[in-house]
Amino acid sequence: MLDIQKLRLDFPILQTKIHGKDLVYFDSAATTQKPQVVIDSIVDYYTKYNSNIHRGIHSLSQLSTQLYEDARETVKQFINAEHNYEIVFTKGLTEAINLVAFSFGETFIKPNDEIIISAMEHHANIVPWQMLCERKQAILKIIPFDNDGVLDLDIYKNLITEKTKLVSVSYISNVLGTKNPIPEIIKFAHLHNVPVLIDGAQSVQHEKIDVQKLDCDFFTIAGHKAYGPNGTGVLYGKEKWLDKMVPYQGGGDMIKTVTLQKTEYNTLPFKFEAGTTDYVGAHALATAFKYIESIGAELIGNHEKQLLSLATEKLSKNEAVTIYGNAPQKSCVLSFLVKGAHPADVGMILDKQGFALRTGTHCAEPIMQYYNIPGTIRMSFGMYNTTDEVLACCEMIDRISKMFQ
Amino acid sequence: MEINEIQDQIIEDFSVFDDWMDKYQYIIDLSKELKIIKSEEKVEQNVIKGCQSQVWLSAEYTNGKIIYTADSDAIITKGIISLLIKVLSNQSPESIKNADLYFIEAIGLKENLSPTRSNGLLAMIKQMKLYAIAFDHKENR
């Protein structure tokens with residue numbers, strides 16, 4: 001069992017008052033709050049270790065480089081990658097996907113090749129592929145989902161052809177909460193020698209991820225959604241792919257030798273880390289991952305599932321509330337609408353009572369187009385949320401929904 | 001009634017609420033009083049797009065006064081529009097142009113007009129004033 005009250009003390013921002021009320025933070029799917037150890041790790045770095053990595057012979061630079069490579073090792077262990085050079089630090093999940101779209105695209109995609117994504121992706125896992133397809137005259141194919149928010153795997157299996165070059169799907173939908181059947185998706189793609197990228201925006205912060213067990217070819221992580229600092233992300237890629245892919249950006253650190261005529265690129269993972277990376281962020285992200293491990297990913301996930309089923313049970317009793325996303329395998333987010341109200345109306349009143357919920361399209365407009373709605377109100381959970389907070393919020397939503405009937 | 005008299009009346013109406021829920025309930029009720037824009041005028045040209053919600057606004061000029069009609073897909077936004085129209089509609093272009101809308105802050109709704117809210121209200125007030133400037137200009141030509 002998690003000791004939530006004790007754990008909450010690790011997150012200083014949770015003591016904030018909003019409009020004179022206690023902050024109830026239900027927007028962790030957008031970004032999680034940071035534990036004190038993560039905040040401290042950033043201050044500590046600049047106080048004690050700061051020096052540019054991979055460049056200096058002097059002691060501080062060596063120490064800083066060591067911390068950066070330790071961070072890579074931490075990430076490697078955290079997601080159980082086979083090699084630490086399969087871990088690339090990026091400035092976010094969006095950059096990680098763009099990196100693959102560019103570098104994999106430049107290396108492997110030809111006109112009329114096909115890339116498959118799903119209809120429930122957020123913009124970060126749609127737009128880079130559209131851009132790639134436009135650049136290479138390739139074709140983007142879409143796996144549809146049903147009214148409950150479940151992907152149609154039969155259609156998926158029919159979408160794969162000998163022209164399919166990559167499948168890219170989210171681990172968990174940030175709007176519908178659907179936990180997609182990733183092992184099945186990967187197995188089927190591999191039968192046809194098609195690599196799979198997993199958008200892990202909602203993943204490691206909710207459960208233990210083992211990239212070798214999943215056998216995914218690429219896995220992407222948003223640092224700030226996993227209790228780490230903003231501006232950090234991870235791309236995991238199997239060596240066999242990363243090694244063949246052309247670099248993403250040019251600059252320092254990604255090179256072996258440079259003459260004014262020609263450059264020889266560095267080995268993995270440095271080939272994909274041009275310029276001075278956010279080594280402080282990488283260290284803080286590793287600190288966040290260690291923090292998740294110290295609490296226990298499984299305990300966190302189970303706790304969040306309890307909150308989700310409690311919220312679902314409470315809101316289902318309200319006839320004015322429609323829940324979007326009723327997949328049997330669901331995690332961490334609850335999207336809904338209140339009859340007669342725009343999502344912004346409900347969000348605004350909730351805010352006045354201290355409840356921080358996201359309203360709008362959640363950077364996933366195609367899902368809104370599917371349901372023909374302007375957006376949703378989304379309650380999303382982090383390890384620090386309590387059942388009391390869920391009960392109070394659902395009660396407030398009941399009160400608010402009466403105002404609009 | 002003059003613009004400032006109407007504003008003072010609204011401030012007085014709102015002074016009875018000491019709870020945000022009551023205040024919002026009143027704004028929701030006000031949304032039902034809004035003189036809705038004609039459906040044929042609910043076109044792209046009259047839309048003010050916010051990030052979260054959108055607003056439609058139209059203006060007519062008769063007998064030296066501007067009559068505004070509007071709509072929004074968000075109810076609270078619609079209620080606030082209803083207040084703005086109470087204050088500015090049926091007034092002369094000159095007085096609309098020069099109106100200082102102090103009632104918004106006085107009734108605690110200032111944050112709804114912040115650019116970060118992005119609900120179209122700020123742009124709507126600007127558009128209402130632009131109509132006044134345009135009609136004023138036409139009048140004095």
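For clarity, every value in this text was computed on a predicted model and none was experimentally measured.

Novice: I keep staring at the packing of aromatic side chains and nothing clicks. Help me out?
Specialist: The geometry of an aromatic ring pair is captured by two quantities: the separation of the ring centres and the angle between the planes. What the rule picks out here adds up to 28 aromatic pairs over all chains. On the basis of an interplanar angle of 70° and a centroid distance of 4.8 Å, the ring pair of A:Phe11 and A:Tyr384 is categorised as edge-to-face. Placement of the pair is A:Phe11 in the loop between helix H1 (4-8) and strand S1 (17-18) and A:Tyr384 in the loop between strand S17 (376-380) and helix H14 (387-403), with a sequence separation of 373 residues. Of the two residues, A:Phe11 and A:Tyr384, neither departs from the other in class, the shared state being buried. On the basis of an interplanar angle of 10° and a centroid distance of 5.0 Å, the ring pair of B:Tyr61 and B:Phe135 is categorised as stacked. Highlighted residues: B:Tyr61 in strand S2 (residues 54-62) and B:Phe135 in helix H6 (residues 121-139), separated in sequence by 74 residues. Residue class for B:Tyr61 comes out partly exposed when judged on its relative accessible area of 24%. Each residue in the set A:Phe11, A:Tyr25, A:Tyr227, A:Tyr291 and A:Tyr384 is aromatic and connected to the rest through ring pairs, giving one cluster. Just above the ring of B:Trp56 sits the side chain of B:Lys42; from NZ or CZ to the centre is 4.5 Å.

Novice: Is there a simple way to think about the domain arrangement of chain A in this case?
Specialist: A common measure of how large an interface is: the accessible area buried when the components associate. Residues and elements named next belong to chain A. What the domain assignment lists for chain A is domain 1 (4-30 + 296-403) and domain 2 (39-294). A straight line from the C-alpha centre of domain 1 to that of domain 2 covers 28 Å. Across the contact, 37 residues belong to domain 1 and 33 residues belong to domain 2. Together, the buried faces of domain 1 and domain 2 total about 2700 Å²; carbon and sulfur atoms form 57% of this surface. A per-residue breakdown of the area domain 1 buries against domain 2 is headed by Ala297, Ile367 and Tyr370, which together make up 18% of the total.

Novice: Even after reading the chapter, I still don't get a negative patch on the surface, so can you show me in this structure?
Specialist: Residues and elements named next belong to chain B. Taken together, the side chains of Glu2, Glu5, Asp8, Glu12 and Asp13 define an acidic patch exposed on the protein surface. As for its placement among the helices and strands, Asp8 is situated in helix H1 (residues 3-14). Under the relative-accessibility criterion, Asp8 is labelled partly exposed at 42%.

Novice: Please clarify how the sheet that holds strand S13 (residues 321-324) of chain A should be interpreted in this entry.
Specialist: Backbone hydrogen bonds are what pair the strands of a sheet, in a parallel or an antiparallel way. Residues and elements named next belong to chain A. Ordered in space as S13-S14-S17-S16, the 4 strands form an open sheet in which the pairing is antiparallel. The open sheet has two edge strands, S13 and strand S16 (358-360), and neither has a second partner. Taking the axes of each pair of neighbouring strands and ignoring which way they run, one obtains an average angle of 30° across the sheet. In the sheet, S16 pairs with S17 via 3 bridges, with the strands oriented antiparallel. Opposite Gly360, over in S17, you have Thr376 as the bridge partner. Here helix H11 (residues 297-316) sits on the sheet and contacts S13, strand S14 (333-338) and S17; the angle it forms with S14, its principal contact strand, is near 15°.

Rules used in this analysis
Residues numbered from 1 in each chain as written. Chains lettered and ligands numbered in written order. Predicted model: local features only at pLDDT ≥ 70, side-chain atom pairs only at ≥ 80, totals over all residues. Heavy atoms only, no water. Phe/Tyr/Trp six-rings, centres within 6.5 Å; stacked < 30°, edge-to-face > 60°. Helix = DSSP H or I, 4+ residues; strand = E, 2+ residues; numbered from the N terminus. Buried < 20%, exposed > 50% of the residue type's maximum accessible area, 1.4 Å probe, protein only. Lys NZ or Arg CZ within 6 Å of the ring centre and 35° of its normal. Domains from an automatic or database assignment. Contact = heavy atoms within 4.5 Å. Buried area = accessible area lost by both parts, 1.4 Å probe. Patch = residues over 30% accessible without salt bridge, like charges linked within 9 Å, V, L, I, M, F, W, Y side chains within 5 Å. Areas by Shrake-Rupley, 256 points an atom, 1.4 Å probe, with all protein chains shown as cover. Salt bridge = Lys/Arg side-chain N within 4 Å of Asp/Glu carboxyl O. Lys, Arg positive; Asp, Glu negative; His and termini not counted. Charge placed at Lys NZ, Arg CZ, Asp CG, Glu CD. Pairing = 2+ DSSP bridges. Axes fitted to C-alpha atoms, helices over the stretch in contact; angles between N-to-C directions.

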